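What follows is each chain in one-letter form.
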Amino acid sequence: MEYMKRAIELAKMGEGKVNPNPLVGAVIVKNGKIIGEGFHRYFGGPHAEIDAINNATESVEGADIYVTLEPCSHYGKTPPCALALVKHKFNSVFIGTKDPNPLVAGKGIKILEDAGIHVFCGICEQECIKLNEVFLKYIETKLPFVVMKTGVTLDGKIATVTGESQWITNEKSREYVHKLRNSLSGIMVGVNTVIADNPKLTSRIEGGRNPIRIITDSTLRTPENSNVLDISTGRCIIAVSEKADSEKCRRFEEKGIEIIKVGKNQVDLKELMKILGNMGIDSILIEGGGELNFSALKEGIVDKVITVIAPKILGGKEAKTSVMGKGIEHISDAVELSDITVKNIFNDTVITGYVKKKQ
Ligand SMILES: NC(=O)c1ccc[n+]([C@@H]2O[C@H](COP(=O)([O-])OP(=O)(O)OC[C@H]3O[C@@H](n4cnc5c(N)ncnc54)[C@H](OP(=O)(O)O)[C@@H]3O)[C@@H](O)[C@H]2O)c1
Ligand SMILES: [Zn+2]
């Protein structure tokens, strides 16, 4: 258990650097002590098992290895790890979770067992599944894993009656959000948020990388001097509908902005997810505002909801709430969350849950 927990810790060090590959960590143990540690450090780089073998301080022959994901069995960017474990004569392999990738699924385990290596699967399985919730959804559906994050007051407001929204949550909570931005591939906001706040949508983590910015803007109202259009800090995609002016689209494209036309009158979010998935974008953080949040929930594209609640009250009938749109008529139709966790960041409370899919 403790070795797998260490492997999970190591895997997390690859956050934001391996997408759309999985986060994987590995720990090699011999005679009751750790002799090698490794993780998948960057996209296309050596796999965790190989990294751990390379870092081993003594011969790995006869050692055990703990790895968060089933060792691979196919030739991708690197040769199969299962074969490497056989070659290095490991005694036992402890696996967190099986790889759902059809190219691997069970085949890695079979290679090991056929070679007479003891294999134990499902060690800290739930934690290993959570570790790779993005990868596991993306590999099976080719759709991005979508996280909806909002920062609200106790009365559910995301801005004051005059539209001020900076800052509702505390500084430490905002650091946490920047870490989230760094770990997911894309960040999506509605055009009203671009107009109201002129955000940069970058990640201010040292050594981090910026997410790809995605704006839903049916008629291309995004002002031409918006901060998000500065592609020197990262890619910017604007999803528009057929109603968008072709000439303005062309002008934006000339500046390097990527335009995706999807939907007749308004951006079709479900179709947009398919397109973004096909572009290799495995995960998206939706950061509002209320109109986009409602559509995203209604269209069923959201997997996980993170709400940061600040102990402040703003009131105001006209002040925006975190989810607006037409709303839902019956409690029985409410969007429900499961698998809830609650934590505090100083005086703010962060509630995280997963959207229960309606049958
Ligand atoms: N505290 C926070 O966490 C937070 C986060 C973000 C924003 N905010 C605040 O939220 C406010 C803006 O929120 P908002 O609700 O007015 O707007 P929004 O969600 O930012 O933008 C909504 C707009 O997006 C466009 N859109 C395109 N496709 C859409 C689709 N399928 N579904 C929904 N919208 C789509 C629509 O305009 P078209 O029809 O023209 O395309 C729509 O009016 C600002 O005051 C901002 O400061 C707060
Ligand atoms: Zn591998």
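Predicted model, so just to flag it, every value in this text is computed and none were measured. (Residues numbered from 1 in each chain as written. Chains lettered and ligands numbered in written order. Predicted model: local features only at pLDDT ≥ 70, side-chain atom pairs only at ≥ 80, totals over all residues. Heavy atoms only, no water.)

1. Re the pairing of strand β14 (residues 348-355)
Rules: Burial classes follow relative accessibility: with a 1.4 Å probe on protein chains only, a residue under 20% of its type's maximum area counts as buried, one over 50% as exposed, and anything between as partly exposed. By the criteria applied, helices consist of DSSP H or I runs no shorter than four residues and strands consist of E runs no shorter than two, each listed in order from the N terminus. Should DSSP find at least two bridges between two strands, the strands are taken to pair.
Judged by how many residues are buried, β14 sits mostly within the fold: 6 of 8 residues are covered. Note that strand β12 (residues 304-310) and β14 share 6 bridges and pair antiparallel. Note that in β14 the partner of Thr307 across the bridge is Ile351. Hairpin connection between strand β13 (residues 337-345) and β14: a loop of 2 residues separates the two successive antiparallel strands, and Phe346 in this loop has a positive phi of roughly 50°.

2. Some words on the coordination of the zinc ion (ligand 2)
Filter applied, for reference: With water excluded from the atoms, a metal site may look incomplete; its donors are any N, O or S atoms within 2.8 Å, or within 3.2 Å for Na, K and Ca.
Of the protein atoms, only His47 (ND1), Cys72 (SG) and Cys81 (SG) coordinate the zinc ion (ligand 2), at distances of 1.9 to 2.3 Å. Look at where the donors of the zinc ion (ligand 2) fall in the sequence and you get H-x24-C-x8-C. For Cys72, a relative accessible area of 6% gives the class buried.

3. Observations concerning the sheet that holds strand β1 (residues 25-30)
Our working rule: For every element, the axis is a line fit to its C-alpha atoms; helices are fit only across the contacting stretch, and the angle between N-to-C directions ranges from 0 to 180 degrees. Any pair of residues with heavy atoms lying within 4.5 Å of one another is described as a contacting pair.
Taken in spatial order, the 5 strands of this open sheet run β2-β1-β3-β4-β5, and their pairing is mixed. Sheet topology places β2 (33-39) and β5 (118-121) at the edges, where each strand pairs with a single neighbour. Adjacent strand axes in the sheet meet at a mean angle of 15°, parallel and antiparallel pairs treated alike. The strands touched by helix α1 (residues 2-12) within the sheet are β1, β2, β3 (64-69) and β4 (92-97), with β1 carrying the most contacts at an inclination of about 145°.

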